[in-house]
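# Breakdown of the fold
What follows is the residue order along each chain.
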Amino acid sequence: KNQVEQSPQSLIILEGKNCTLQCNYTVSPFSNLRWYKQDTGRGPVSLTIMTFSENTKSNGRYTATLDADTKQSSLHITASQLSDSASYICVVSASGMTTDSWGKLQFGAGTQVVVTP
Amino acid sequence: ETGVTQSPTHLIKTRGQQVTLRCSSQSGHNTVSWYQQALGQGPQFIFQYYREEENGRGNFPPRFSGLQFPNYSSELNVNALELDDSALYLCASSSPGSNEQFFGPGTRLTVL
């Protein structure tokens, strides 16, 4: 069973509207959680990284929240733009991960966001 | 742009053939990881290389192999291609002590 579950699987929103994506994880012990944006056919690009002690982090119109107690994170997109159309992937790493253990990252399947005019 | 480049961009092969994918890491990065991403799924870790040695491997068979060169560029080789090998192959590079890795644009492999 995947240790990182994302919802919804996909959503369609109107340009200018807000939306929130969810990520639930069971990875333990937890170290940090990342949100990536991946345009179709391209590599993922990091939006935010949050450690255990951080509850919220923003990157422009993207705001990520983290509740390490309930093992939930959300990514909020404000005033969506057509360029926000992409897959958003939640990635969780366990404590003790060093640079020789990138294989211990747990990737979610992503939420496909389509922004329409 | 992350500074990580991959070639080729697209590739079409037939079942049973062999393929080599290439990755140039970002300057100063000595660790390269390779991932396979099927359509609609998150990336799956294949393996990683650190200073020319494989030091981590995911649940992939031995026909997936790799190399890292002294300039830290890397290759992914896949032998005896199967239809299920069709995917986007991503490489990512990172520097010592960093908790961030940077992905390349990927190579789209289609196996017919």
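Residues numbered from 1 in each chain as written. Chains lettered and ligands numbered in written order. Predicted model: local features only at pLDDT ≥ 70, side-chain atom pairs only at ≥ 80, totals over all residues. Heavy atoms only, no water.

Here we come to the sheet that holds strand β6 (residues 56-59) of chain A. Residue and element names in this part refer to chain A. Spatially, β1-β3-β8-β7-β6 is the arrangement adopted by the five strands of the open sheet, whose pairing is antiparallel. Edge positions in the open sheet fall to β1 (4-7) and β6, since each of these has one partner strand only. Mean inter-strand twist for the sheet, computed between neighbouring axes without regard to direction, equals 15°. Inspection of the sheet shows strand β7 (residues 62-67) paired to strand β8 (residues 72-77) by six bridges, in the antiparallel sense. (Pairing = 2+ DSSP bridges. Helix = DSSP H or I, 4+ residues; strand = E, 2+ residues; numbered from the N terminus. Axes fitted to C-alpha atoms, helices over the stretch in contact; angles between N-to-C directions.)

Two faces belong to every sheet, and in a regular strand the side chains alternate between them. Residue and element names in this part refer to chain A. Burial along strand β3 (residues 19-25) is one-sided: Cys19, Leu21, Cys23 and Tyr25 are buried, and none of Thr20, Gln22 and Asn24, which face the opposite way, are. In terms of strand pairing, β1 meets β3 through four bridges, oriented antiparallel. Along β3, the bridge assignment pairs Val4 with Tyr25. Relative to β8, β3 is paired through six bridges, and the arrangement is antiparallel. Looking at β8, one finds that Leu21 is bridged to Leu75. (Buried < 20%, exposed > 50% of the residue type's maximum accessible area, 1.4 Å probe, protein only.)

What follows concerns unusual backbone geometry. Omega for the bond connecting Ser7 of chain A with Pro8 of chain A falls within 30 degrees of zero, at -10°, which places this linkage in the cis form. With respect to the helices, strands and loops of the structure, Pro8 of chain A is situated in the loop between β1 and β2 (10-14). Looking along the chain, the bond that leaves Ser7 of chain B and enters Pro8 of chain B is cis, with omega of -10°. Here Pro8 of chain B shows up in the loop between β1 (5-7) and β2 (10-13).

Our next topic: the interface of chain A and chain B. In this assembly, 20 residues from chain A lie in contact with 25 residues from chain B. A combined buried area of about 1700 Å² lies between chain A and chain B, and 52% of that area is made up of carbon and sulfur atoms. In this structure, the connection of chain A to chain B is made through one salt bridge. The salt bridge involving Arg34 of chain A is made with Glu100 of chain B; its shortest N-O contact spans 3.5 Å. In this assembly, chain A and chain B are joined by three residue pairs in polar contact (both at pLDDT 80 or more). (Contact = heavy atoms within 4.5 Å. Buried area = accessible area lost by both parts, 1.4 Å probe. Salt bridge = Lys/Arg side-chain N within 4 Å of Asp/Glu carboxyl O. Polar contact = N/O pair within 3.5 Å; in protein donor to acceptor, adjacent residues only side chain to side chain.)

All names here are of chain B. Per the stated rule, a full pass over the model turns up nine aromatic pairs over all chains. Considering the side-chain rings of Tyr35 and Phe45, the 5.8 Å spacing of their centres and the 65° angle between planes classify their relative orientation as edge-to-face. Of this pair, Tyr35 sits in strand β4 (residues 31-37) while Phe45 is found in strand β5 (residues 44-50), placing the two residues 10 residues apart along the sequence. A single burial state applies to Tyr35 and to Phe45, both of which are buried. (Phe/Tyr/Trp six-rings, centres within 6.5 Å; stacked < 30°, edge-to-face > 60°.)

Residues and elements named next belong to chain B. Taken in spatial order, the four strands line up as β1-β3-β8-β7 in an open sheet, and their pairing is antiparallel. If you trace the sheet from one side to the other, it starts and ends with β1 and β7 (64-68), each paired once. Averaged over all pairs of adjacent strands, the angle between strand axes in this sheet comes to 20°, irrespective of strand direction. As defined by bridge partners, β7 adjoins strand β8 (residues 74-78) across five bridges and the pair is classed as antiparallel. By the bridge assignment for β8, Gln68 is matched with Ser74.

Summed over the entire model, instances satisfying the criterion amount to two disulfides over all chains. Paired by a disulfide, Cys23 of chain A and Cys90 of chain A hold their sulfur atoms 2.0 Å apart. Where Cys23 of chain A bonds to Cys90 of chain A through sulfur, the torsion about that S-S bond is close to -65°, and the disulfide is left-handed. Here Cys23 of chain A, found in strand β3, pairs with Cys90 of chain A, found in strand β9 (residues 86-94); they are 67 residues apart in sequence, far enough to count as distant. Owing to a relative accessible area of 0%, Cys23 of chain A belongs among the buried residues under this scheme. Shown here is the disulfide that connects Cys23 of chain B with Cys91 of chain B, its sulfur atoms set 2.0 Å apart. (Disulfide = S-S within 2.5 Å.)

Residue and element names in this part refer to chain B. Most of β5 is tucked away, with five of its seven residues classed as buried. For β4 and β5, the ladder comprises six bridges, and the chain directions are antiparallel. Note that in β5 the partner of Gln36 across the bridge is Gln44. Counted between consecutive antiparallel strands, the loop separating β4 from β5 contains six residues, among which Gly40 sits at a positive phi close to 80°. As paired elements, β5 and strand β6 (residues 53-57) share four bridges and run antiparallel to each other. Each bridged residue has a counterpart across the sheet, and for Gln48 the counterpart in β6 is Gly56. Between β5 and β6, which follow one another and run antiparallel, lie two residues, and Arg51 among them has a positive phi close to 50°.

Scope: geometric values only; no functional claims are made or implied.
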